[in-house]
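Residue strings, one per chain:
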Amino acid sequence: MREFIESLPKAELHLHIEGTLEPGLMFELASRNGIALRYPSVEALRAAYQFSDLQSFLDIYYEGAGVLQKREDFADMAMAYFRKASSQGLKHAEIFFDPQTHTSRGIKYETVVRGLREAQERAKSELGVTSALILCFLRHLSEDEAMLTLDEALPFRDAIVAVGLDSSERGHPPSKFARVFERARAEGLLAVAHAGEEGPPEYIWEALDILKVRRIDHGVRCIEDPRLVQRLVDEQIPLTVCPLSNVKLRVFDTLRDHNLKRLLDLGVKVTINSDDPAYFGGYIGENYVATADALALTQAEIETIAKNSFDASFV
Ligand code: HPA
Ligand code: ZN
């Protein structure tokens, strides 16, 4: 099964580049940039990766991103991701980045994007992997702050294909970002949003009707609303599901309890993605293998999911 999955061409549509920063590289960048980490060793850092929910993960994830200072730091991190995922059959990636995590620390938007673009070009020429960037707004911050971030991004308009919405979901509905998404769409950008990971089905409706997203990131809580599931099926709106993430962040108790197979059986266009692989214990290949094992997916079902990933992509 592993060889079958690794040889299957796959696209990844739900991947936070800051979530690919492995402990080893984090320590290397900390030392390169003269930054002290709270943890004495890679092992101690890894041992802290025990999460009870989304927020407990985000706290440690934002802290880890503090070692990223220079253009080459972003390039090195992204290149490490491309190499690893490419070895597992990745052909195309649509990659989230969180500019506010960096600009709030005094790092220029341009520094982040130049580093990521450099890695994208190398991934294409050295590995044959194509990619696009999706700018995510942090939903625990205000819409005015998101608007300022869009202002910073527009001089580099061609660097990104879409805008997205991530960070703490509960209490921060998509409707909070109606105006900034409207402006991004007017600029010709596509839209996606995290919804229905910890938040209710209502947030998925809002993402579709107010933000006019083309895909829902996570979306697994749609299952609580049969009318919503019917809409996702009728309109073939893709869900970018992240199985290992969902278990680590306690959305499901175990992988066997995951609803991906039920959604697939209902006709929802599901894809499999890694979310933050350095924190959740697996890249795209490992997410496919673990899910296939736990839910007893057939080869035909796995092929459908891989095909969905290209159908759902923006290329
Ligand atoms: N959900 C919300 N925000 C995030 C995630 C996630 O899974 N990963 C990184 N930022
Ligand atoms: Zn995510």
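All values reported here derive from a predicted model rather than from experimental measurement. (Residues numbered from 1 in each chain as written. Chains lettered and ligands numbered in written order. Predicted model: local features only at pLDDT ≥ 70, side-chain atom pairs only at ≥ 80, totals over all residues. Heavy atoms only, no water.)

Chemist: Talk me through the coordination of the zinc ion (ligand 2); I want residue IDs and the actual numbers.
Modeler: Looking at the zinc ion (ligand 2), the protein donor atoms are His14 (NE2), His16 (NE2), His194 (NE2) and Asp275 (OD), and they sit 2.0 to 2.2 Å from it. Of note is the zinc ion (ligand 2), whose 4 donor atoms meet at the metal with angles of 83 to 174° in an arrangement that counts as irregular. Donor residues binding the zinc ion (ligand 2) come from one chain and are separated in sequence as H-x1-H-x177-H-x80-D. Of this pair, His14 sits in strand β1 (residues 10-16) while His194 sits in strand β5 (residues 190-195), placing them 180 residues apart in sequence. (Donors = N, O, S within 2.8 Å, 3.2 Å for Na, K, Ca; no water. Tetrahedral: all angles 85-135°; square planar, octahedral: opposite > 155°, others 65-115°. Helix = DSSP H or I, 4+ residues; strand = E, 2+ residues; numbered from the N terminus.)

Chemist: Break down empty space enclosed by the protein for me, citing the residues and quoting the values.
Modeler: Counting across every chain of the model gives 2 cavities of 30 Å³ or more. Its volume calculated, the largest cavity comes out at about 100 Å³. Forming the boundary of the largest cavity are 14 residues, of which His16, Leu54, Leu58, Ser167 and His194 lie nearest the centre. Broken down by element, the lining of the largest cavity gets its largest block of residues, 5 residues, from helix α4 (residues 54-64). One number sums up the size of the second largest cavity: a volume of about 50 Å³. If you trace the second largest cavity, you find it lined by Met26, Leu37, Arg38, Tyr39, Leu45, Ile60, Glu63 and Gly64. Examining the composition of the lining of the second largest cavity, we find that 3 residues originate from one element, α4, more than from any other. (1 Å grid on protein atoms, 1.4 Å probe; cavity = no way out; pocket = protein on both sides within 12 Å on 5 of 7 lines; lining within 4 Å. Points joined across faces, edges and corners; volume = space filled by probe spheres on them.)

Chemist: Summarise the packing of helix α5 (residues 71-86) against helix α7 (residues 109-127); cite the residues concerned and give the values.
Modeler: Put simply, α5 and α7 touch, their axes get as near as 7 Å, and they point 35° apart. Considering how the two elements wind past one another, α5 and α7 form a crossing that is right-handed. Packed against α5, whose contacting residues are Arg71, Phe74, Ala75, Ala78, Met79, Phe82, Arg83 and Ser86, the element α7 presents Thr111, Val112, Arg114, Gly115, Leu116, Glu118, Ala119, Gln120, Arg122, Ala123, Glu126 and Leu127 at the interface. Across the contact of α5 with α7, the residue classes tally to 10 nonpolar, 4 polar and 6 charged. (Axes fitted to C-alpha atoms, helices over the stretch in contact; angles between N-to-C directions. Left-handed = near helix turned anticlockwise from the far one by under 90°. Contact = heavy atoms within 4.5 Å. Nonpolar A, V, L, I, M, F, W, Y, C, P; charged D, E, K, R; others polar.)

Chemist: Before we move on, could you go through helix α2 (residues 23-32) and cite the residues and values that matter?
Modeler: Considered for burial, the residues of α2 that qualify are Pro23, Leu25, Met26, Leu29 and Ala30. The buried residues of α2 occupy an angular sector of 160° when projected down its axis, which confines them to one face. Of the surrounding elements, those touching the buried residues of α2 are α3 (42-47), α4, α5 and α14 (277-280). Gly34 sits one or two residues past α2 and shows a positive phi near 65°. (Buried < 20%, exposed > 50% of the residue type's maximum accessible area, 1.4 Å probe, protein only. Arc of directions from axis to C-beta.)

Chemist: Before we move on, can you summarise unusual backbone geometry with the specific residues and values?
Modeler: With phi around 75°, His218 is a residue other than glycine that occupies positive phi space. Of note, His218 is situated in strand β6 (residues 215-218). Given the relative accessible area of 0%, His218 is considered buried. Phi at Asp275 is positive, roughly 70°, even though this residue is not glycine. Positionally, Asp275 belongs in the loop between β8 (270-272) and α14.

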